[in-house]
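# Topology and contacts: notes
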Amino acid sequence: MDEHLEVVLGRVQALPAFEQPLMEAVGLVLCEDVVSGLSLPGFDNSAMDGYAVQTADLAGASQDNPITLPVVGEIAAGRVEHIVVTPGTCVRIMTGAPMPRGADSVVPVEWTDGGTVNVRIAQQPALAASVRRAGEDVQAGEKVLDRDTVLGPRQIAVLAAVGRARVKARPRPRVVVVSTGAELREPGTKLGEGQIYDSNSYTLAAAARAAGAVVYRVGIVGDDPKRIMDTLSDQLVRADLVITTGGVSMGAYDVVKEELSKLGTVDFPQVAMQPGKPQGFGVLGEDEVPIFTLPGNPVSAYVSFEVFVRPALRKLMGQMPYRRRPVHGVSLDGFSSPAGKRQFVRAAATSGDEGWMASTVGGHGSHLLGGLSRSNALIVVPEDVTSVRAGDQVELWPLDEETG
Ligand code: AMP
Ligand code: MG
(Lines give C-alpha, C1' and ligand atoms only; values in the text may rest on other atoms or scores of the structure.)
(Ligands and ions follow the chains in the order given, each with its own letter.)
Protein backbone atom coordinates (compact mmCIF):
# COMPACT_ATOMS: atom_id res chain seq x y z
CA MET A 1 0.00 0.00 0.00
CA ASP A 2 2.75 2.44 0.90
CA GLU A 3 4.59 1.59 -2.30
CA HIS A 4 1.53 2.23 -4.44
CA LEU A 5 0.86 5.51 -2.66
CA GLU A 6 4.45 6.52 -3.30
CA VAL A 7 4.01 5.79 -7.02
CA VAL A 8 0.85 7.92 -7.02
CA LEU A 9 2.36 10.86 -5.16
CA GLY A 10 5.51 10.67 -7.25
CA ARG A 11 3.43 11.14 -10.36
CA VAL A 12 1.03 13.85 -9.26
CA GLN A 13 2.34 17.42 -9.10
CA ALA A 14 0.79 20.50 -7.55
CA LEU A 15 -1.31 22.51 -10.01
CA PRO A 16 0.06 25.88 -11.11
CA ALA A 17 -1.29 28.77 -9.08
CA PHE A 18 -3.11 31.74 -10.57
CA GLU A 19 -4.92 34.89 -9.48
CA GLN A 20 -8.42 34.17 -8.22
CA PRO A 21 -11.23 36.32 -6.87
CA LEU A 22 -11.40 36.07 -3.09
CA MET A 23 -14.49 33.88 -2.92
CA GLU A 24 -12.95 31.42 -5.36
CA ALA A 25 -9.93 31.24 -3.12
CA VAL A 26 -11.74 30.05 0.01
CA GLY A 27 -10.21 26.71 1.02
CA LEU A 28 -7.29 27.06 -1.37
CA VAL A 29 -3.59 27.34 -0.67
CA LEU A 30 -2.18 30.85 -0.98
CA CYS A 31 0.80 31.02 -3.34
CA GLU A 32 2.20 34.45 -2.53
CA ASP A 33 3.23 36.39 0.54
CA VAL A 34 0.60 39.07 0.97
CA VAL A 35 1.93 42.48 1.94
CA SER A 36 -0.58 45.12 2.93
CA GLY A 37 -0.61 48.25 0.81
CA LEU A 38 -2.32 50.17 3.57
CA SER A 39 -2.43 50.53 7.32
CA LEU A 40 -5.28 49.15 9.41
CA PRO A 41 -6.99 51.14 10.71
CA GLY A 42 -6.35 53.53 7.86
CA PHE A 43 -7.08 56.57 10.07
CA ASP A 44 -7.69 57.33 13.75
CA ASN A 45 -11.34 56.52 14.43
CA SER A 46 -13.79 56.03 17.23
CA ALA A 47 -14.20 52.61 18.86
CA MET A 48 -17.56 53.58 20.40
CA ASP A 49 -20.72 55.49 19.77
CA GLY A 50 -20.24 58.52 22.00
CA TYR A 51 -18.60 61.93 22.14
CA ALA A 52 -15.17 62.99 20.98
CA VAL A 53 -13.73 65.21 23.71
CA GLN A 54 -10.64 66.79 25.14
CA THR A 55 -10.05 64.60 28.17
CA ALA A 56 -8.81 67.46 30.32
CA ASP A 57 -12.26 69.13 30.13
CA LEU A 58 -13.77 66.25 32.11
CA ALA A 59 -11.45 66.24 35.12
CA GLY A 60 -13.51 65.36 38.21
CA ALA A 61 -16.65 64.35 36.30
CA SER A 62 -18.74 61.80 38.22
CA GLN A 63 -22.27 60.49 38.65
CA ASP A 64 -22.90 63.13 41.36
CA ASN A 65 -20.97 65.82 39.60
CA PRO A 66 -21.53 65.48 35.84
CA ILE A 67 -19.95 67.96 33.48
CA THR A 68 -22.01 69.45 30.66
CA LEU A 69 -20.39 70.22 27.30
CA PRO A 70 -21.95 71.80 24.19
CA VAL A 71 -22.20 69.41 21.23
CA VAL A 72 -20.77 71.30 18.25
CA GLY A 73 -21.30 68.71 15.58
CA GLU A 74 -21.82 65.06 14.65
CA ILE A 75 -19.67 62.59 12.67
CA ALA A 76 -21.00 59.28 11.33
CA ALA A 77 -18.85 56.48 9.91
CA GLY A 78 -17.97 57.17 6.29
CA ARG A 79 -18.45 60.92 6.63
CA VAL A 80 -15.76 63.51 6.32
CA GLU A 81 -16.54 66.46 8.60
CA HIS A 82 -14.03 69.18 9.15
CA ILE A 83 -15.13 69.89 12.67
CA VAL A 84 -12.55 70.80 15.31
CA VAL A 85 -13.03 69.99 18.98
CA THR A 86 -11.87 73.09 20.82
CA PRO A 87 -11.45 73.21 24.61
CA GLY A 88 -14.80 73.00 26.39
CA THR A 89 -16.70 71.47 23.45
CA CYS A 90 -17.39 68.00 22.12
CA VAL A 91 -18.61 66.27 18.96
CA ARG A 92 -21.10 63.42 18.78
CA ILE A 93 -19.34 60.52 17.05
CA MET A 94 -20.27 57.02 15.84
CA THR A 95 -18.19 53.85 15.84
CA GLY A 96 -15.75 53.88 12.93
CA ALA A 97 -16.06 57.61 12.26
CA PRO A 98 -12.78 59.53 11.82
CA MET A 99 -11.62 61.32 14.98
CA PRO A 100 -12.08 65.08 14.66
CA ARG A 101 -9.04 67.30 15.09
CA GLY A 102 -8.54 68.49 18.64
CA ALA A 103 -10.22 65.54 20.36
CA ASP A 104 -8.02 63.11 22.28
CA SER A 105 -10.54 60.53 23.52
CA VAL A 106 -14.10 59.29 23.17
CA VAL A 107 -16.70 59.14 25.96
CA PRO A 108 -19.06 56.21 25.37
CA VAL A 109 -22.71 57.26 25.07
CA GLU A 110 -23.48 55.01 28.08
CA TRP A 111 -21.68 57.52 30.37
CA THR A 112 -23.88 60.38 29.23
CA ASP A 113 -27.48 61.50 28.93
CA GLY A 114 -27.19 61.20 25.14
CA GLY A 115 -27.79 64.90 24.55
CA THR A 116 -27.49 66.33 21.05
CA VAL A 117 -27.25 70.04 21.90
CA ASN A 118 -25.58 69.77 25.28
CA VAL A 119 -24.44 66.54 26.83
CA ARG A 120 -24.07 65.64 30.51
CA ILE A 121 -21.03 63.45 31.04
CA ALA A 122 -20.65 61.50 34.30
CA GLN A 123 -17.10 60.14 33.97
CA GLN A 124 -13.69 61.26 32.72
CA PRO A 125 -12.21 58.94 30.09
CA ALA A 126 -8.52 58.00 30.13
CA LEU A 127 -6.42 59.79 27.55
CA ALA A 128 -6.87 58.14 24.12
CA ALA A 129 -9.66 55.92 25.43
CA SER A 130 -11.95 54.39 22.79
CA VAL A 131 -9.78 55.66 19.94
CA ARG A 132 -8.48 53.17 17.37
CA ARG A 133 -5.12 54.40 16.19
CA ALA A 134 -4.14 54.35 12.51
CA GLY A 135 -1.82 51.39 11.89
CA GLU A 136 -2.25 49.82 15.34
CA ASP A 137 -3.43 46.58 13.71
CA VAL A 138 -1.45 46.40 10.46
CA GLN A 139 1.21 48.75 9.12
CA ALA A 140 1.41 49.59 5.41
CA GLY A 141 4.17 47.38 3.99
CA GLU A 142 3.66 44.67 6.61
CA LYS A 143 3.24 41.02 5.59
CA VAL A 144 -0.23 39.86 6.63
CA LEU A 145 -0.26 36.31 5.20
CA ASP A 146 2.48 33.82 4.37
CA ARG A 147 2.46 31.76 1.22
CA ASP A 148 1.19 28.19 1.77
CA THR A 149 -1.51 29.36 4.15
CA VAL A 150 -4.85 27.65 3.60
CA LEU A 151 -7.38 30.43 3.06
CA GLY A 152 -10.25 30.16 5.51
CA PRO A 153 -12.69 32.82 6.69
CA ARG A 154 -10.16 34.54 8.97
CA GLN A 155 -7.56 34.86 6.24
CA ILE A 156 -10.16 36.03 3.72
CA ALA A 157 -11.08 38.69 6.30
CA VAL A 158 -7.63 40.28 6.31
CA LEU A 159 -7.31 40.06 2.52
CA ALA A 160 -10.53 41.97 2.03
CA ALA A 161 -9.66 44.44 4.79
CA VAL A 162 -6.41 45.37 3.08
CA GLY A 163 -8.27 45.79 -0.19
CA ARG A 164 -7.24 42.70 -2.11
CA ALA A 165 -9.90 41.56 -4.60
CA ARG A 166 -7.80 38.70 -5.97
CA VAL A 167 -5.00 36.50 -4.68
CA LYS A 168 -2.67 33.97 -6.21
CA ALA A 169 -3.82 30.53 -5.08
CA ARG A 170 -3.59 26.94 -6.22
CA PRO A 171 -6.86 26.09 -7.98
CA ARG A 172 -9.26 23.30 -7.13
CA PRO A 173 -8.47 20.19 -9.16
CA ARG A 174 -11.13 19.30 -11.73
CA VAL A 175 -12.07 15.69 -11.21
CA VAL A 176 -14.03 13.57 -13.67
CA VAL A 177 -15.84 10.56 -12.18
CA VAL A 178 -16.97 7.71 -14.43
CA SER A 179 -18.62 4.46 -13.35
CA THR A 180 -18.51 1.35 -15.50
CA GLY A 181 -20.80 -1.65 -15.34
CA ALA A 182 -23.71 -2.90 -17.46
CA GLU A 183 -25.74 -3.54 -14.29
CA LEU A 184 -25.76 0.10 -13.21
CA ARG A 185 -28.74 2.44 -13.31
CA GLU A 186 -29.12 6.05 -12.30
CA PRO A 187 -30.85 6.68 -8.93
CA GLY A 188 -34.36 7.96 -9.54
CA THR A 189 -34.99 5.55 -12.41
CA LYS A 190 -36.59 2.09 -12.27
CA LEU A 191 -34.43 -0.97 -11.72
CA GLY A 192 -34.76 -4.01 -13.91
CA GLU A 193 -33.85 -7.51 -12.87
CA GLY A 194 -30.21 -7.90 -11.87
CA GLN A 195 -29.64 -4.16 -11.91
CA ILE A 196 -28.40 -1.90 -9.13
CA TYR A 197 -28.11 1.83 -8.64
CA ASP A 198 -24.80 3.47 -9.35
CA SER A 199 -23.69 4.55 -5.90
CA ASN A 200 -19.95 4.74 -6.56
CA SER A 201 -19.97 7.73 -8.85
CA TYR A 202 -21.93 9.63 -6.20
CA THR A 203 -19.73 8.44 -3.34
CA LEU A 204 -16.55 9.41 -5.15
CA ALA A 205 -17.93 12.68 -6.46
CA ALA A 206 -18.99 13.61 -2.92
CA ALA A 207 -15.64 12.55 -1.48
CA ALA A 208 -13.69 14.46 -4.12
CA ARG A 209 -15.78 17.55 -3.55
CA ALA A 210 -15.29 17.26 0.23
CA ALA A 211 -11.55 17.07 -0.42
CA GLY A 212 -11.77 20.38 -2.30
CA ALA A 213 -12.14 19.34 -5.94
CA VAL A 214 -14.51 20.62 -8.60
CA VAL A 215 -16.28 17.47 -9.71
CA TYR A 216 -17.76 16.44 -13.03
CA ARG A 217 -19.77 13.31 -12.36
CA VAL A 218 -20.13 11.74 -15.76
CA GLY A 219 -21.92 8.73 -14.28
CA ILE A 220 -22.60 5.43 -15.95
CA VAL A 221 -20.87 4.38 -19.16
CA GLY A 222 -21.74 0.69 -19.21
CA ASP A 223 -19.27 -2.04 -20.12
CA ASP A 224 -18.68 -1.37 -23.81
CA PRO A 225 -14.95 -0.84 -24.44
CA LYS A 226 -15.43 1.74 -27.18
CA ARG A 227 -17.90 3.78 -25.18
CA ILE A 228 -15.62 3.74 -22.14
CA MET A 229 -12.56 4.81 -24.12
CA ASP A 230 -14.46 7.47 -26.08
CA THR A 231 -15.88 8.90 -22.87
CA LEU A 232 -12.47 9.04 -21.25
CA SER A 233 -10.87 10.77 -24.20
CA ASP A 234 -13.78 13.26 -24.42
CA GLN A 235 -13.52 14.06 -20.74
CA LEU A 236 -9.77 14.61 -20.64
CA VAL A 237 -10.01 18.24 -21.71
CA ARG A 238 -11.70 19.23 -18.48
CA ALA A 239 -9.87 16.93 -16.10
CA ASP A 240 -6.91 17.38 -13.80
CA LEU A 241 -7.64 13.89 -12.57
CA VAL A 242 -9.92 11.05 -13.67
CA ILE A 243 -11.52 8.43 -11.46
CA THR A 244 -13.26 5.36 -12.82
CA THR A 245 -14.85 2.53 -10.86
CA GLY A 246 -15.44 -1.08 -11.77
CA GLY A 247 -13.99 -3.33 -14.39
CA VAL A 248 -10.54 -3.81 -12.91
CA SER A 249 -10.67 -7.23 -11.26
CA MET A 250 -10.39 -10.71 -12.73
CA GLY A 251 -13.83 -11.09 -14.29
CA ALA A 252 -14.71 -11.69 -17.91
CA TYR A 253 -15.98 -8.12 -18.40
CA ASP A 254 -13.21 -6.21 -16.70
CA VAL A 255 -13.04 -3.86 -19.62
CA VAL A 256 -11.33 -0.95 -17.97
CA LYS A 257 -8.30 -3.05 -17.19
CA GLU A 258 -8.28 -4.71 -20.60
CA GLU A 259 -8.53 -1.48 -22.56
CA LEU A 260 -6.29 0.74 -20.50
CA SER A 261 -3.62 -1.94 -20.24
CA LYS A 262 -3.18 -1.64 -24.01
CA LEU A 263 -2.12 1.99 -23.69
CA GLY A 264 0.89 1.11 -21.59
CA THR A 265 0.49 4.19 -19.39
CA VAL A 266 -1.74 2.69 -16.73
CA ASP A 267 -0.65 -0.07 -14.34
CA PHE A 268 -2.89 -2.49 -12.54
CA PRO A 269 -1.18 -3.65 -9.39
CA GLN A 270 -2.66 -5.97 -6.80
CA VAL A 271 -2.17 -4.04 -3.58
CA ALA A 272 -1.77 -5.84 -0.26
CA MET A 273 -4.77 -4.23 1.36
CA GLN A 274 -8.33 -5.12 2.24
CA PRO A 275 -10.60 -3.89 0.88
CA GLY A 276 -9.16 -2.41 -2.30
CA LYS A 277 -6.83 -5.05 -3.70
CA PRO A 278 -7.30 -4.40 -7.44
CA GLN A 279 -5.99 -0.93 -8.16
CA GLY A 280 -5.14 0.90 -11.34
CA PHE A 281 -3.20 4.09 -11.72
CA GLY A 282 -1.45 5.89 -14.53
CA VAL A 283 -1.84 8.74 -16.97
CA LEU A 284 -3.97 9.38 -20.02
CA GLY A 285 -3.57 11.53 -23.10
CA GLU A 286 -1.04 14.10 -24.25
CA ASP A 287 -1.33 16.07 -21.04
CA GLU A 288 -0.71 12.95 -19.00
CA VAL A 289 -3.79 13.40 -16.85
CA PRO A 290 -3.60 11.10 -13.83
CA ILE A 291 -6.25 8.39 -13.77
CA PHE A 292 -7.32 6.12 -10.92
CA THR A 293 -9.27 3.03 -11.87
CA LEU A 294 -10.85 2.01 -8.58
CA PRO A 295 -12.51 -1.31 -7.85
CA GLY A 296 -16.27 -1.57 -8.30
CA ASN A 297 -17.20 -2.84 -4.87
CA PRO A 298 -18.55 0.24 -3.13
CA VAL A 299 -16.56 -0.01 0.08
CA SER A 300 -13.40 -0.86 -1.85
CA ALA A 301 -13.93 2.17 -4.04
CA TYR A 302 -14.42 4.45 -1.04
CA VAL A 303 -11.46 3.08 0.93
CA SER A 304 -9.29 3.32 -2.19
CA PHE A 305 -10.30 6.94 -2.52
CA GLU A 306 -9.31 7.62 1.07
CA VAL A 307 -6.00 5.81 0.77
CA PHE A 308 -4.83 6.92 -2.68
CA VAL A 309 -7.01 9.54 -4.34
CA ARG A 310 -7.47 11.98 -1.50
CA PRO A 311 -3.71 12.31 -0.92
CA ALA A 312 -3.29 12.89 -4.67
CA LEU A 313 -5.95 15.61 -4.64
CA ARG A 314 -4.29 17.28 -1.69
CA LYS A 315 -0.98 17.21 -3.51
CA LEU A 316 -2.59 18.79 -6.58
CA MET A 317 -3.89 21.52 -4.27
CA GLY A 318 -0.60 21.86 -2.43
CA GLN A 319 -2.30 21.00 0.86
CA MET A 320 -0.07 19.34 3.42
CA PRO A 321 -0.32 16.83 4.94
CA TYR A 322 -1.34 14.72 1.97
CA ARG A 323 -2.30 11.69 4.05
CA ARG A 324 -4.94 11.43 6.75
CA ARG A 325 -3.48 12.18 10.15
CA PRO A 326 -3.87 8.93 12.09
CA VAL A 327 -4.82 8.89 15.76
CA HIS A 328 -4.51 6.08 18.27
CA GLY A 329 -7.40 4.63 20.19
CA VAL A 330 -8.96 1.53 21.64
CA SER A 331 -10.93 -0.97 19.60
CA LEU A 332 -14.06 -1.89 21.55
CA ASP A 333 -14.54 -4.97 19.38
CA GLY A 334 -12.38 -7.93 18.51
CA PHE A 335 -12.01 -9.20 14.94
CA SER A 336 -9.65 -11.18 12.77
CA SER A 337 -7.51 -9.66 10.07
CA PRO A 338 -5.86 -11.23 7.02
CA ALA A 339 -2.13 -11.90 7.21
CA GLY A 340 -0.01 -9.93 4.76
CA LYS A 341 -2.63 -7.28 4.04
CA ARG A 342 -3.28 -3.91 5.57
CA GLN A 343 -6.90 -3.97 6.60
CA PHE A 344 -9.26 -1.01 6.78
CA VAL A 345 -12.23 -1.66 9.05
CA ARG A 346 -15.22 0.65 9.12
CA ALA A 347 -15.73 1.99 12.60
CA ALA A 348 -17.81 4.38 14.66
CA ALA A 349 -15.31 6.32 16.71
CA THR A 350 -15.63 8.87 19.47
CA SER A 351 -13.01 10.92 21.23
CA GLY A 352 -13.52 11.72 24.90
CA ASP A 353 -11.61 12.05 28.16
CA GLU A 354 -10.21 8.59 27.70
CA GLY A 355 -9.07 9.26 24.14
CA TRP A 356 -10.39 7.65 20.99
CA MET A 357 -12.66 4.57 21.15
CA ALA A 358 -13.91 2.73 18.11
CA SER A 359 -16.54 0.07 17.51
CA THR A 360 -16.70 -1.76 14.23
CA VAL A 361 -19.86 -1.25 12.18
CA GLY A 362 -21.40 -3.60 9.65
CA GLY A 363 -19.44 -6.58 8.44
CA HIS A 364 -16.25 -6.95 6.46
CA GLY A 365 -17.93 -7.41 3.07
CA SER A 366 -16.99 -4.71 0.62
CA HIS A 367 -20.56 -4.44 -0.66
CA LEU A 368 -21.90 -3.35 2.76
CA LEU A 369 -22.87 0.29 2.34
CA GLY A 370 -25.27 0.39 5.28
CA GLY A 371 -22.38 -0.07 7.70
CA LEU A 372 -20.25 2.41 5.81
CA SER A 373 -22.91 5.07 6.29
CA ARG A 374 -22.81 4.61 10.07
CA SER A 375 -19.01 4.82 10.21
CA ASN A 376 -16.92 7.91 10.76
CA ALA A 377 -13.49 6.33 10.92
CA LEU A 378 -11.36 3.51 9.62
CA ILE A 379 -9.44 1.18 11.92
CA VAL A 380 -6.15 0.41 10.18
CA VAL A 381 -4.68 -3.00 10.98
CA PRO A 382 -1.06 -3.62 9.94
CA GLU A 383 -0.06 -6.43 7.59
CA ASP A 384 1.43 -8.62 10.32
CA VAL A 385 -1.50 -8.44 12.74
CA THR A 386 -4.00 -11.26 12.31
CA SER A 387 -6.33 -10.57 15.19
CA VAL A 388 -7.47 -7.58 17.17
CA ARG A 389 -8.97 -8.18 20.60
CA ALA A 390 -11.47 -5.93 22.30
CA GLY A 391 -9.44 -3.38 24.26
CA ASP A 392 -6.43 -3.43 21.94
CA GLN A 393 -4.78 -0.19 20.87
CA VAL A 394 -5.35 0.47 17.17
CA GLU A 395 -4.57 3.10 14.55
CA LEU A 396 -7.61 5.09 13.52
CA TRP A 397 -8.29 7.44 10.63
CA PRO A 398 -11.07 9.83 11.56
CA LEU A 399 -12.88 10.64 8.31
CA ASP A 400 -14.97 13.66 9.18
CA GLU A 401 -12.29 16.30 9.49
CA GLU A 402 -12.12 17.24 5.86
CA THR A 403 -9.14 19.47 6.43
CA GLY A 404 -6.81 17.15 8.35
P1 AMP B 1 -16.55 -4.87 -10.82
O2 AMP B 1 -15.30 -4.34 -10.20
O3 AMP B 1 -16.97 -4.07 -12.00
O4 AMP B 1 -16.45 -6.31 -11.11
O5 AMP B 1 -17.70 -4.69 -9.74
C6 AMP B 1 -17.61 -5.33 -8.49
C7 AMP B 1 -18.90 -5.19 -7.73
O8 AMP B 1 -19.18 -3.83 -7.48
C9 AMP B 1 -20.11 -5.72 -8.47
O10 AMP B 1 -20.98 -6.30 -7.52
C11 AMP B 1 -20.72 -4.47 -9.07
O12 AMP B 1 -22.10 -4.61 -9.33
C13 AMP B 1 -20.44 -3.47 -8.00
N14 AMP B 1 -20.36 -2.14 -8.57
C15 AMP B 1 -19.58 -1.79 -9.63
N16 AMP B 1 -19.74 -0.49 -9.94
C17 AMP B 1 -20.64 0.01 -9.05
C18 AMP B 1 -21.20 1.30 -8.86
N19 AMP B 1 -20.89 2.33 -9.64
N20 AMP B 1 -22.10 1.45 -7.84
C21 AMP B 1 -22.41 0.41 -7.05
N22 AMP B 1 -21.91 -0.82 -7.19
C23 AMP B 1 -21.03 -1.04 -8.17
MG1 MG C 1 -18.20 -4.21 -13.49
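Residues numbered from 1 in each chain as written. Chains lettered and ligands numbered in written order. Predicted model: local features only at pLDDT ≥ 70, side-chain atom pairs only at ≥ 80, totals over all residues. Heavy atoms only, no water.

### Topic: the overall build of the protein chain
- Secondary structure assignment for the protein chain yields eight helices and 27 strands.
- The burial tally for the protein chain puts 47% of its 404 residues in the buried class.
- Look at the contacts in the protein chain between residues 6 or more apart in sequence, and 69% of them connect residues 24 or more apart.
- Carbon and sulfur atoms provide 51% of the accessible area of the protein chain, an area that totals close to 19,100 Å².
- Across the protein chain, the mean location of the 37 positive side-chain charges is 3 Å away from that of the 48 negative side-chain charges. (Helix = DSSP H or I, 4+ residues; strand = E, 2+ residues; numbered from the N terminus. Buried < 20%, exposed > 50% of the residue type's maximum accessible area, 1.4 Å probe, protein only. Contact = heavy atoms within 4.5 Å. Areas by Shrake-Rupley, 256 points an atom, 1.4 Å probe, with all protein chains shown as cover. Lys, Arg positive; Asp, Glu negative; His and termini not counted. Charge placed at Lys NZ, Arg CZ, Asp CG, Glu CD.)

### Notes on the domain arrangement of the protein chain
- The domains assigned to the protein chain are domain 1 (2–15 + 171–317), domain 2 (20–36 + 146–169), domain 3 (45–132) and domain 4 (327–398).
- For domain 2 and domain 4, the distance between their C-alpha centres works out to 38 Å. (Domains from an automatic or database assignment.)

### So, helix H7 (residues 298–317)
- The largest bend in H7 amounts to roughly 45° and is located at Phe305.
- With 20 of 20 residues buried, H7 is to be regarded as a mostly interior element.
- Within two residues after H7, Gly318 carries a phi angle of roughly 70°, on the positive side. (Bend = angle between axes of the 7 residues up to and from the residue.)

### Focus on the side chain of Thr55
- Tracing the chain through its elements places Thr55 in the loop between strand S4 (50–53) and strand S5 (67–75).
- In this structure Thr55 comes out as buried when scored by relative accessible area, which is 7%.
- Beyond its immediate sequence surroundings of up to four residues, Thr55 is in contact with Asp104, Ser105, Gln124, Pro125, Ala126 and Leu127.

### Description of the UniProt feature "domain: MoaB/Mog" (unreviewed entry) in the protein chain
- As recorded in UniProt, the feature "domain: MoaB/Mog" (unreviewed entry) lies at residues 176–315.
- For residues 176–315, the helix share is 35%, the strand share is 25%, and the end-to-end C-alpha distance is 17 Å. (UniProt positions renumbered as here; feature names shortened; annotations may be inferred.)

### Quick notes on the environment of Val330
- Mapped onto the elements of the fold, Val330 is located in strand S21 (residues 327–331).
- In this structure the C-alpha to C-alpha distance between Val330 and Thr189, which are 141 residues apart in sequence, comes to 43 Å.

### A closer look at the packing of helix H1 (residues 2–11) against H7
- One way to put it is that H1 packs onto H7 with a least axis distance of 10 Å and a crossing angle of 25°. By the angle class used here, H1 and H7 are roughly parallel. Our pair here, H1 against H7, has a crossing hand that is right-handed. Within the contact between the two elements, H1 uses His4, Leu5, Val8 and Leu9 and H7 uses Val307, Phe308, Pro311, Ala312 and Lys315.
- Considered class by class, the residues forming the contact of H1 with H7 number seven nonpolar, one polar and one charged. (Axes fitted to C-alpha atoms, helices over the stretch in contact; angles between N-to-C directions. Parallel < 35°, antiparallel > 145°, perpendicular 65-115°, else oblique. Left-handed = near helix turned anticlockwise from the far one by under 90°. Nonpolar A, V, L, I, M, F, W, Y, C, P; charged D, E, K, R; others polar.)

### Quick word on the pairing of S5
- As judged from the four bridges shared by S5 and strand S8 (residues 118–121), these two strands associate in the antiparallel manner. Bridge pairing in S8 places Ile67 opposite Ile121.
- Strand direction decides the pairing type here: S5 and strand S6 (residues 90–93), joined by three bridges, are parallel. Counted as the bridge partner of Val71 is Cys90 from S6. (Pairing = 2+ DSSP bridges.)

### Overview of the pattern of salt bridges
- By the definition in use, this model includes 16 salt bridges.
- Here Arg217 makes a salt bridge to Asp198, at a shortest N to O gap of 3.9 Å. Here Arg217 is found in strand S15 (residues 214–220), whereas its partner Asp198 is found in the loop between strand S14 (196–197) and helix H4 (200–210), with 19 residues between them in sequence.
- The class for Asp198 is buried, based on a relative accessible area of 2%.
- For Arg389, the salt bridge is made with Asp392, and the minimal N-O distance between the two is 3.5 Å. (Salt bridge = Lys/Arg side-chain N within 4 Å of Asp/Glu carboxyl O.)

### Observations concerning the pairing of strand S24 (residues 355–360)
- Both S21 and S24 contribute to a ladder of three bridges, which runs parallel. In the strand pairing of S24, Gly329 is matched with Trp356.
- Note that strand S23 (residues 342–352) and S24 share six bridges and pair antiparallel. By the bridge assignment, Ala347 is partnered in S24 with Thr360.
- Adjacent in sequence and paired antiparallel, S23 and S24 are bridged by two residues.

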